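Single-letter residue listing:
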Amino acid sequence: MPSRMRLSSGHLIIALVLYLAVAGFNAIFAFPQLPTWYAGLTKPAFLPVDTFPLVMVVLFTYLLLGCSVFFIWHASCMNRHDQLLCLTLIIFTIILTGLWGYLFFGLKSPLMGVMISVLVMSMLIATMIQSVKVSFGATLLLTVVVILTFLIAYTNYLIVQFNPSLSIFGT
């Protein structure tokens, strides 16, 4: 039994590191733009002035996604096809979330940030529908992630509305 626990712990670490690596990739584009370009944007009043709470929400979202991967990976479902499909969907979602930071901050295009956020939400919902067959725990975590992603997409949308002079495809 102890070797199984180590395997599970290793898989959890792999799942979390995968998502934190994507968060780090996004940070490469975001952090240089926060005090300059992002600070100059007109933003909705509900956004905090300090970016720390926003960073924490994003990290929390990535941690939830990593835990979801772990739950799906270790689910004892009868149909391995369902499990593999669910893992494939969530890995594709990882790729899309990795693109968000590049599009929003790297290209300075909040509109493209909205579009990728909508794609991420669509993938998350498809993953949730599939994960119901595989892991109820993952489904619950993904529900929270969908809500957080909706808020990010809505915030992106408001930034686009409040800054009509921004280029569609960024700088």
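Just above, that's the structure.
Structural notes, computed from the coordinates. (Residues numbered from 1 in each chain as written. Predicted model: local features only at pLDDT ≥ 70, side-chain atom pairs only at ≥ 80, totals over all residues. Heavy atoms only, no water.)

So, about the nonpolar core. One finds Tyr38 and Phe105 to be the most contacted residues of the largest nonpolar core, which totals 42 residues. At the level of elements, helix H1 (2–33), helix H2 (52–73), helix H3 (80–106), helix H4 (110–131) and helix H5 (136–162) are the ones that each hand at least two residues to this core. With 10 residues, H3 is the largest single contributor of residues to this core. Those residues within four positions of Phe105 in sequence are excluded, and the remaining contacts are Phe29, Ala30, Gln33, Leu34, Trp37, Tyr38 and Trp100. (Core = buried A, V, L, I, M, F, W, Y, C linked by side-chain atoms within 4.5 Å. Buried < 20%, exposed > 50% of the residue type's maximum accessible area, 1.4 Å probe, protein only. Helix = DSSP H or I, 4+ residues; strand = E, 2+ residues; numbered from the N terminus. Contact = heavy atoms within 4.5 Å.)

What follows is about empty space enclosed by the protein. The method is simple in principle: a probe with the dimensions of a water molecule rolls over the atoms, and the space it marks as empty is what remains. Taken as a whole and assessed by the stated rule, the structure comprises 1 cavity of 30 Å³ or more. For the largest cavity, the calculated volume is near 190 Å³. For the lining of the largest cavity, the secondary structure elements donating two or more residues are H2, H3, H4 and H5. With 4 residues, the top contributor of residues to the lining of the largest cavity is H2. Residue classes in the lining of the largest cavity are distributed as 8 nonpolar, 5 polar and no charged. (1 Å grid on protein atoms, 1.4 Å probe; cavity = no way out; pocket = protein on both sides within 12 Å on 5 of 7 lines; lining within 4 Å. Points joined across faces, edges and corners; volume = space filled by probe spheres on them. Nonpolar A, V, L, I, M, F, W, Y, C, P; charged D, E, K, R; others polar.)

To continue, consider H2. Taking 1.5 Å per residue, 22 residues should reach 32 Å; H2 reaches 31 Å between its end C-alpha atoms and fits that length. Buried residues of H2: Thr61, Tyr62, Leu64, Leu65, Gly66, Ser68, Val69, Phe70 and Ile72, and no others. (Expected span 1.5 Å × (residues − 1).)

Time to look at the environment of Thr143. With respect to the element layout, Thr143 can be found in helix H5. What makes Thr143 partly exposed here is its relative accessible area of 31%.

Let us now look at unusual backbone geometry. Positioned with a positive phi, Lys108 is a non-glycine residue whose angle comes to about 55°. Relative to the helices and strands, Lys108 is located in the loop between H3 and H4.

Put simply, the largest pocket is a space of about 570 Å³. What lines the largest pocket is a set of 26 residues, and nearest its centre among them are Leu54, Val55, Val58, Trp100 and Ile152. Those elements giving two or more residues to the lining of the largest pocket turn out to be H1, H2, H3 and H5. Each residue belonging to the lining of the largest pocket can be placed in one class, and the counts come to 21 nonpolar, 5 polar and no charged.

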